[in-house]
Amino acid sequence: MTTENPYQLLVFDWDGTLMDSVARIVACMQSTIEVLGATPLPAQRLRDVIGLGMREAILQLYPDADEALFQAFNQAYRERFLFIDDTPAPLFAGVPELLDDLLDQGYWCAVATGKSRVGLDRVLDETGLGPRFLTTRCADETLSKPHPQMLQTIMDELGIMPEQTLMIGDSTHDLLMARNAGTDALGVTSGVHSARELQPHAPKGLLDGVAQLPDWLGCRRHAWSSSG
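The structure displayed is predicted, hence computed values, not measured ones. (Residues numbered from 1 in each chain as written. Predicted model: local features only at pLDDT ≥ 70, side-chain atom pairs only at ≥ 80, totals over all residues. Heavy atoms only, no water.)

### Examining the packing of aromatic side chains
We count it as follows: Here is the rule: rings of Phe, Tyr and Trp (six-membered ring for Trp) pair when centre to centre is within 6.5 Å. Planes less than 30 degrees apart are stacked, more than 60 are edge-to-face, and the remainder are tilted. Helix numbers and strand numbers start at the N terminus; a helix is a DSSP run of H or I with at least 4 residues, a strand a run of E with at least 2. Relative accessibility decides the category of a residue: with a 1.4 Å probe and only protein chains considered, values under 20% of the type maximum give buried, values over 50% give exposed, and everything between is partly exposed. Whether a charge lies above a ring is judged from NZ of Lys or CZ of Arg, which has to be within 6 Å of the ring centre and within 35 degrees of the ring normal.
Applying the stated criterion to the full structure yields 3 aromatic pairs. Measuring from ring centre to ring centre gives 6.5 Å for W14 and F133, while their planes differ by 65°; the resulting arrangement is edge-to-face. Remark: F133 occurs in the loop between α6 (117-127) and β3 (135-138) and W14 occurs in the loop between β1 (9-12) and α1 (22-36); sequence separation between them is 119 residues. Each member of the pair, W14 as well as F133, is classed as buried. Over the ring of F81 we find R24, and its NZ or CZ is 4.7 Å from the ring centre. Its guanidinium or amino end placed over the ring of F70, R55 lies 3.8 Å from that ring's centre, counting from NZ or CZ.

This is the structure we're talking about:
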């Protein structure tokens, strides 16, 4: 880490941060709840659990859920998200170019997501973004956000310290995970949670969308250089 580049590693959440997929996730959850005959829930309740691992999300929605419900929900949701639901879920505008620009500037990029490994590998392949990331972690490989394990294993693998790491995400789960891991965090309001919901968790900044990240990083570099 230098004063010109305080962060070496940029760790991105996926849904709601790099991909505009919140509407599709909610639609798939609503369809899953309907087909299983579970108690219907408001869309905002469903949005609030996006970013958690599937088991943690289900237990927040249905605290009395047993293993049978978890297995049925997990299977039905996966079928809908991967094969049935056709709600658009595009990358946010300019994401490939953003990542290329960051790599050209010398940043390392990674992903920490509540998606399953199967789900993340599928979208990395479909979007062609896989080669842009040095490593990725999914909720079915570590403890769920906001536990720090996801970020910690990424930093351990890459040999990066917490003070060199910036977590970028759209949910309070992302910001809490960063705080628990001892890293800085940057909130984006393009996905699950609003600026009002993100602000209490002390992000270093709030962006309307991830496309604003290079400008924010440029300002940070200038500030560090001036202070040095």
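More follows now that the structure is in view.
### Observations regarding the nonpolar core
Rules: What is meant by a nonpolar core is a set of buried Ala, Val, Leu, Ile, Met, Phe, Trp, Tyr and Cys residues, joined one to another through side-chain atoms within 4.5 Å. The contact definition used throughout considers only heavy atoms, calling two residues in contact when any of these lie within 4.5 Å.
Among the nonpolar cores identified, the biggest contains 30 residues, and L10, F12, W14, F133 and L213 are the most heavily contacted of them. Counting residues per element, this core draws most heavily on helix α5 (residues 95-104), which supplies 4 residues. With residues up to four places along the chain from it excluded, the contact list for L10 reads L102, Y107, W108, C109, A110, L166, I168, L213 and L217. Counting residues in each nonpolar core, the second largest holds 22 residues, with M29, A57, L61 and F73 among its members.

### Quick word on the packing of helix α7 (residues 149-158) against helix α8 (residues 172-181)
Filter applied, for reference: The axes are straight lines fitted to the C-alpha atoms, using for helices just the contacting stretch, and the angles between their N-to-C directions are given from 0 to 180°. For classification, angles of less than 35 degrees are called roughly parallel, those exceeding 145 degrees roughly antiparallel, those between 65 and 115 degrees roughly perpendicular, and all remaining angles oblique. By convention the crossing between two helices is left-handed if the near helix lies anticlockwise of the far one by an angle smaller than a right angle, and right-handed if it lies clockwise. The residue classification treats Ala, Val, Leu, Ile, Met, Phe, Trp, Tyr, Cys and Pro as nonpolar and Asp, Glu, Lys and Arg as charged. All others, Gly included, are polar.
Put simply, α7 and α8 touch, their axes get as near as 8 Å, and they point 55° apart. Taken together, the axes of α7 and α8 are oblique relative to one another. Considering only the axes of α7 and α8, their crossing is right-handed. On α8, the residues that touch M150, L151, Q152 and M155 of α7 are M177, A178 and A181. Each residue belonging to the contact of α7 with α8 can be placed in one class, and the counts come to 6 nonpolar, 1 polar and no charged.

### Description of unusual backbone geometry
Of note, the bond from K145 into P146 is cis; its omega dihedral lies within 30 degrees of zero at 5°. By the element assignment, P146 lies in the loop between β3 and α7.

### Let's talk about the sheet that holds strand β4 (residues 165-169)
The following threshold applies: Two strands pair if DSSP finds at least two bridges between them.
On the basis of which strands lie adjacent, the open sheet formed by 6 strands has the order β3-β2-β1-β4-β5-β6 and parallel pairing. Every other strand in the sheet has two partners, leaving β3 and β6 (206-207) as the edge strands with one partner each. Where strand β2 (residues 108-113) lies against β3, 4 bridges are found, and the strand directions are parallel. Paired with T113 across the two strands is C138, which belongs to β3. Here α6 sits on the sheet and contacts β2 and β3; the angle it forms with β3, its principal contact strand, is near 140°.

### Focus on the pairing of β1
Of the two faces of β1, the one carrying L9 and V11 and the one carrying L10 and F12 are both buried. Inspection of the sheet shows β1 paired to β2 by 4 bridges, in the parallel sense. In the sheet register, F12 faces β2, and the bridge partner there is V111.

### Comments concerning the pattern of salt bridges
For side chains bearing opposite charge, pairing can occur when the charged atoms are close. So the rule is basically this: Salt bridge, as used here: a side-chain nitrogen of Lys or Arg that lies within 4 Å of a carboxyl oxygen of Asp or Glu.
All chains considered together, the criterion is met by 9 salt bridges. For the salt bridge of D121 with R117, the shortest nitrogen-to-oxygen distance reads 2.9 Å. Of this pair, D121 and R117 both sit in helix α6, 4 residues apart, which is roughly one turn of the helix. One salt bridge in this structure joins E141 and R117, with 2.7 Å as the shortest N-O distance. Of the two residues, E141 is situated in the loop between β3 and α7 and R117 in helix α6; the sequence distance between them amounts to 24 residues. Taken together, the shared-partner salt bridges connect D13, K145 and D174 into one network.

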